Amino acid sequence: MRRSFRRTLFFAGLGCVSWVLASDQNRVAVASDTPESLLVRTLDAIRAERLDLALERSDSLVTRQPNFRLAQLVRGDILLAQNGRLDKFAGPRSKDPKAQALQDEARVRLGRYVQTPPKNKIPRFLLQPPQDASTVLVVDSRASRMFVFRKKDGQWSLDGDHYVSIGLNGPLKSSEGDQRTPLGVYTMVSRIDKAQLDPYYGNVAYPLDYPNDWDRRLGRKGHGIWVHGTPRDTYSRPPRASNGCVVLPNQDIDTLQKLFELGRTPVLLADSIEWVDPAQADSTRQVLLRAVRKWTEDWSSNDMDRYLSHYSDDFRMGDQDLEGWEKDKRRVAAGKSWVKVAVSGVTMLMVPGEKDLAVVEFDQDYQSSNLSNQMRKRQYWRLEDGSWKIVHEGPAGKSG
Amino acid sequence: MIVRQSMGFWLGCLLASAVSSMADCPVALFKKGVELAERGRTTEALQVFREVTAKDSTCLEGWNNRAALEAATGDMFGSQRSLSKALNVRRDVQSVASNLEKLRSRMARLAYDSAFGTPSKLPPLQLALHKEIAKPSKSNPSVDADSLVRALSNARQEIAELTKVRDSLLSSGRLAQLETGAESARSLSTAPPPPPPPAKSPASQATQTLPPPAPPPPTPPPPPPREPVKERSQEMSALETVRAWANAWSSQNVDAYLGFYGSTFEAPDRMSRQSWEARRRERILAPKAIHVEVVSPQVRSLGPDRAEVVYKQVYQTEDARLVLRKRIVLTKEGKEWKIVSEREAR
């Protein structure tokens, strides 16, 4: 028995469960009774050198969730370890390319329980989500986790998190077929239910608006990035397995979909999450909001120097660069005796995968001596040398 | 009077031991299971070993064989449970340990197949069967139920003899002499001429463990010179029959249930056999589910081919629960025990 324990720990030490040895102080706190928590408890029993208990837990796990592949692998390892015949992760199947993927799944799933999301903190991205949204989804690609934020009493707080798979080649999609998951701020543009869906995509799929205007500006190509479920014979897929989609276990997407609001729920795809105090996010929010207000004031002054001072040298709109656009603007402004601009319904989110870039949307009410219009506008603001500048501008909701 | 009291006490002890010792590995049933398994009748064999382990949860060989058959039918979890039950009885049995190792390897294989999505067609897992029940170890002498039942029936004969002796003593006015224990014992033990018991017979072992009765008991009665295995199988299958009958009832398998009744069974209330069967069918099929449990059965031989089983019957359906003491009399028809009388026991 002694020998088999050591062998088990050897398999644990191969990287899958290296935390097991390192984290004696880190009591694994598993509250809910999910397949994942059962898996974690199984591995916790391995750590405690209780193979019998580990097997018992693994029995109940695979009975309940027979299509949970990682759970099956761990079970195989436990059984062989009990026979004293396990020398490495996935034992006789260790050379199977899928073994590495499952080992990665083990690592990220366990990582979540060793390093729990910080309490009372939010991702730095959440400056001012849409007023009418009740939910914000933030995917941490490195942790293979989707964090669900809900608004309670006007405050955004973490409401739960779920294991997700992303693109085979990781985050930062840039070209068609690169099997990467985009980084950025997206929204769900439609819903495809099971009846219309290839079984491969599970119970439901939500196409995202990749590529959005920022992606296009950067020349990113590709399409068909969805949030979807898993095939019936697969509880969860390895952390990096999709063609770029965000894949949730069916039972997770089933419970989450009542929170999904098309065109409203922001889906932030990030490589990793920086967790900050809500106060810190709020101070960034206030600075950026002041900059937006100043921009409307300066535009309303019809003083083109003041107005154009808000635009970055890097500014572009469509095919126009700053120089061409500036010429147009000055010409238009010269024909007006007055301009009045008001904005409302402002949303502000930091863009994942970018340094100090925020996407800002608002309803713009533009009136002038010879023209007035109302539109929903989207701008990208970047912090340059301590001040926020507009780097991109266009109508909102025309990205898909 | 004393004779009667002392015999009653002794009889009680015997009865109690006989009942408690019913929890031994039922040899006949076990052999039947092995035979079925060897003939490839896996499902039936499994059922038999389920019964064996239900009767005696300390029957290591029974658990092992049950596990082997569960593995053969693909019930890996069941097999795993049964093997660990076997190892709970004794840890150091090499064949059981090696079965467990084989089972784990197979389960690991299946788990990896699921993990990697590469299902493979595997032949049913074959675990080693135990053909025999090992002799009970000296440290844990098991009481042989059937020997006790035999002893009991001999004791009854003896009581009859003793009663005769007592009556003759009474009539001859020698009661006073009888009341001095030692003498009475001596004189009584000589009264019936039982053949001397074999030195190491299970019955004599068992009786040695009984508490000594206040008045000196007569010497333990010897088993009659019968072939023990045959006797045992007869006795065990009467109880087995009752359990199987209760199982058929519980599973609402009316045909099987009715099949347990002998040709001479008398239907209650002077009903014809046919209308009784029709009524039983209706009654058994009416509830959504029935659970019949045979609790603390006592088996008594009423002769070579006749036995009585008295037990507490717990009958439960979704809306009724009925607990009765029942007495079932069975007779041998060919090789099988059949129910000839079924009524509430007083």
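Rules and cut-offs
Residues numbered from 1 in each chain as written. Chains lettered and ligands numbered in written order. Predicted model: local features only at pLDDT ≥ 70, side-chain atom pairs only at ≥ 80, totals over all residues. Helix = DSSP H or I, 4+ residues; strand = E, 2+ residues; numbered from the N terminus. Buried ≥ 20, exposed ≤ 12 C-beta atoms within 10 Å, placed from the backbone. Contact = placed C-beta atoms within 7 Å. Pairing = 2+ DSSP bridges. Nonpolar A, V, L, I, M, F, W, Y, C, P; charged D, E, K, R; others polar. pLDDT = per-residue confidence, 0-100. Expected span 1.5 Å × (residues − 1).

Side note on the overall build of chain A
Point 1. Tallying secondary structure elements over chain A gives eleven helices and 20 strands in all.
Point 2. A burial count over chain A gives 42% of its 400 residues as buried.
Point 3. Across chain A, the fraction of contacts at a sequence separation of at least 24, relative to all contacts at a separation of at least 6, is 61%.

Considerations on the overall build of chain B
Point 1. Looking only at helices and strands, one finds 13 helices and four strands in chain B.
Point 2. With 346 residues in all, chain B has 32% of them scored as buried.
Point 3. The long-range fraction of contacts in chain B, counting pairs at least 24 apart against all pairs at least 6 apart in sequence, stands at 63%.

Some words on the pairing of strand 3 (residues 135-140) of chain A
All names here are of chain A.
Point 1. By the criterion of burial, strand 3 is predominantly enclosed, with six of the six residues buried.
Point 2. Taking every second residue as pointing to the same face, both faces of strand 3 are buried, with Thr135, Leu137 and Val139 on one and Val136, Val138 and Asp140 on the other.
Point 3. Bridge count between strand 3 and strand 4 (residues 145-152): six bridges; the pairing is antiparallel. In the sheet register, Val136 faces strand 4, and the bridge partner there is Phe149.
Point 4. Between strand 3 and strand 4, which follow one another and run antiparallel, lie four residues, and Ser144 among them has a positive phi close to 50°.
Point 5. Looking at chain direction, strand 3 and strand 13 (residues 266-270) are connected through four bridges and run parallel. What sits directly across from Leu137, in strand 13, is Val267.

So, the sheet that holds strand 10 (residues 226-228) of chain A
Residue and element names in this part refer to chain A.
Point 1. Read from one edge of the open sheet, four strands run 8-9-10-12, paired in mixed fashion. Looking along the sheet, the strands with just one partner apiece sit at the ends: strand 8 (192-193) and strand 12 (246-247).
Point 2. As paired strands, strand 10 and strand 12 are joined by two bridges and run parallel to one another. Paired with Val227 across the strands is Val246, a residue of strand 12.

Quick notes on the interface of chain B and chain A
Point 1. On the chain A side, the residues contacting the twelve residues of chain B number 18 residues.
Point 2. The element contributing the most residues to the side of chain B that touches chain A is helix 6 (residues 94-116) of chain B, with ten residues.
Point 3. Split by residue class, the side of chain B that touches chain A holds seven nonpolar, three polar and two charged.

Digging into the confidence of the model for chain A
As a general rule, the predicted coordinates of low-pLDDT regions are not to be interpreted in detail.
Point 1. Of all residues in chain A, 91% have pLDDT values of 70 or greater, and the mean over the chain is 87.
Point 2. The low-confidence segment residues 1-31 of chain A (pLDDT under 50) makes 51 contacts with residues lying over four places distant or belonging to another chain.

Quick notes on helix 4 (residues 60-72) of chain B
Residues and elements named next belong to chain B.
Point 1. Its 13 residues give helix 4 an end-to-end C-alpha distance of 18 Å, which sits within 8% of 18 Å, the value for a rise of 1.5 Å per residue.
Point 2. Here helix 4 lies mainly inside the structure; 13 of its 13 residues are buried.
Point 3. Taken from the residues just after helix 4, Gly74 is the one with a positive phi, measuring 90°.

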